[in-house]
Amino acid sequence: MKWVIAAVFLAGGLTASAYVPPSSPQVRAKLEWLQDQKLCLMMHFGLYSVLGITESWPLSTEDARWARADIGWAKDDADLKRKYYATSRCFCPVKFDATEWAKTAKRCGFRYIAFTTKHHDGFCLWDTKETDYKTTSPDCPYSTSPNADIVRKLFDACRAEGLGISAYFSKPDFHHDDFWENAGVGRSTTRYTTYDTKAHPEKWARFRRFTRNQMLELVRDYGPIDALWLDGGWLQPNSDWDLGVGDIIDEARKIQPDLISVDRAAKSAYMDIGTPEQCVPETPLDYPWESCITMTDDWGYHYDDVYKGTRDLIRLIIDVVAKGGNLALNVGPAPDGSVPEDSELDADTALLQAKDIATEIATAGDQATFAEVVYQNAPEDQKSTYL
């Protein structure tokens, strides 16, 4: 297993000099709590799981070269977009069992869950009032299930098991007409809007309201959550695509005062933690961080997934925790809502073996003890790394 180390990408666009600690004592206390949790189960689940392809990115014409490499079923750009969006009429995860997901996560030693409430494709896994593009819409066959509000079921199950909750939410929404006109069908699309936001301020204002309303729904209507994890860092504050995230988070904290904000790559006071993606820092960082790493090569489910081995997972957990970070280990549930057996078995084996090690490292009282714990538990062929 090779972990790519890139100085800028390491922290999800964050550098030590750019980090702004939260001013609220309640948020700082929650952040300290989060740093003690260490192990997060991240789950990417959505329409892309049904297709077994890269999540959302095939919809971007600009990203076609890499994102559509495994797609052979579309005639052209418009055909691909229509078929992708229409997958909402095939989404029916009949084996989804929120309680089992939560119990499995807890058994494996995870302390909190990060779950995709909505990815960039705009398909919502909760009963939002802002769009019909959701699991509870009559167009979706899963809407008749008592579990159709997947986010509610999962968040309730996590709280019942004592697990923390990090709600992943995509700021861009490719399906929304005020982000991509006509959902991008018939247009060459990038990760940005299909129109000039300065020339059409009314459209951008509508999208800002839509985004605000959805974020506040999750905070107001879905019980206590620990973090709002915002993806889509290219929509930056003080740019033509400023969503006013700071104002939204301030509103959200009137509902949940200790809410952690993870506005990825925003370089603002609302990025409470750094989020290295698919990598581990070479040295400890001097601000809170959470490495987000997949158990396979992909975030969402692929039919030919190959999972990292137990030995590699144990090394990874030790490496991240020894450096003072958290590990968000990602698995993509299968289209039927089950957790793939290979990932569950690997996670069970690796995490149950590593749980006590990670706990011991996390609670080491001084640098000498800390170093001893890391050294004693490191694989034999890597012990020289820690000398």
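Residues numbered from 1 in each chain as written. Predicted model: local features only at pLDDT ≥ 70, side-chain atom pairs only at ≥ 80, totals over all residues. Heavy atoms only, no water.

**Q** Tell me about the sheet that holds strand S7 (residues 326-331), and please be specific about residues and values.
**A** Adjacent strands of a sheet form backbone hydrogen bonds with each other and so pair up, either parallel or antiparallel. Reading across from one edge, S5-S4-S3-S2-S1-S7-S6 is the order of the seven strands in this open sheet, with parallel pairing throughout. Two strands close off the open sheet at either side, each with one partner strand: strand S5 (260-263) and strand S6 (290-294). Geometrically, the sheet is characterised by an average inter-axis angle of 20° between neighbouring strands, direction not taken into account. Here strand S1 (residues 39-43) runs beside S7; their pairing, made up of five bridges, is parallel. Residue pairing in the sheet places Met42 in a bridge with Asn330 of S7. (Pairing = 2+ DSSP bridges. Helix = DSSP H or I, 4+ residues; strand = E, 2+ residues; numbered from the N terminus. Axes fitted to C-alpha atoms, helices over the stretch in contact; angles between N-to-C directions.)

**Q** Describe the pairing of strand S3 (residues 164-170), listing the residues and the values that go with them.
**A** Summarising burial for S3: seven of the seven residues are buried, a large majority. Neither face of S3 is exposed, since Gly164, Ser166, Tyr168 and Ser170 on one face and Ile165, Ala167 and Phe169 on the opposite face are all buried. Where strand S2 (residues 112-118) lies against S3, six bridges are found, and the strand directions are parallel. When the sheet's bridge partners are listed, Ala114 is paired in S3 with Ser166. Across five bridges, S3 lies against strand S4 (residues 227-231) in parallel orientation. Within the sheet, the bridge partner assigned to Tyr168 lies in S4 and is Trp229. (Buried < 20%, exposed > 50% of the residue type's maximum accessible area, 1.4 Å probe, protein only.)

**Q** Pulling in residues and values, what's your account of helix H7 (residues 201-221)?
**A** Working note: α-helix, 3.6 residues per turn, so residues spaced by three or four point in the same direction. The end-to-end C-alpha distance of H7 is 29 Å, a good match for the 30 Å that 21 residues give at a rise of 1.5 Å each. The set of residues buried in H7 consists of Lys203, Trp204, Phe207, Phe210, Thr211, Gln214, Met215, Leu216, Glu217, Leu218 and Val219. Looking at the buried residues of H7, the elements they touch are S2, helix H6 (150-160), S3, S4 and helix H8 (245-255). Phi turns positive, to about 80°, at Gly223, one or two residues after H7. (Expected span 1.5 Å × (residues − 1). Contact = heavy atoms within 4.5 Å.)

**Q** Before we move on, can you summarise the side chain of Thr197 with the specific residues and values?
**A** For Thr197, the position within the fold is in the loop between S3 and H7. A distance of 2.6 Å separates a polar side-chain atom of Thr197 from the backbone oxygen of Asp240. Setting aside anything within four residues of it in sequence, one finds Thr197 in contact with Trp204, Asp240 and Trp241. (Polar contact = N/O pair within 3.5 Å; in protein donor to acceptor, adjacent residues only side chain to side chain.)

**Q** Please set out H6 residue by residue, giving values where relevant.
**A** Looking at H6, one finds that the buried residues are Ile150, Val151, Leu154, Phe155, Ala157 and Cys158. Projected onto a plane normal to the axis of H6, the buried residues spread over an arc of 160° and lie on a single side. Contact partners of the buried residues in H6: helix H5 (98-107), S2, S3 and H7. Among the residues trailing H6, Gly162 stands out with phi positive, at a value near 80°. (Arc of directions from axis to C-beta.)

**Q** I'd like a description of the confidence of the model for the chain, backed by residues and values.
**A** Looking at the chain, pLDDT values average 88 and 83% of them are 70 or higher. Within the model, pLDDT remains below 50 along residues 1-11, and this stretch shows 28 contacts once partners closer than five positions in the same chain are excluded. Here residues 365-371 is a poorly scored stretch, pLDDT under 50, and it has six contacts once near neighbours within four places are set aside; other chains count. (pLDDT = per-residue confidence, 0-100.)

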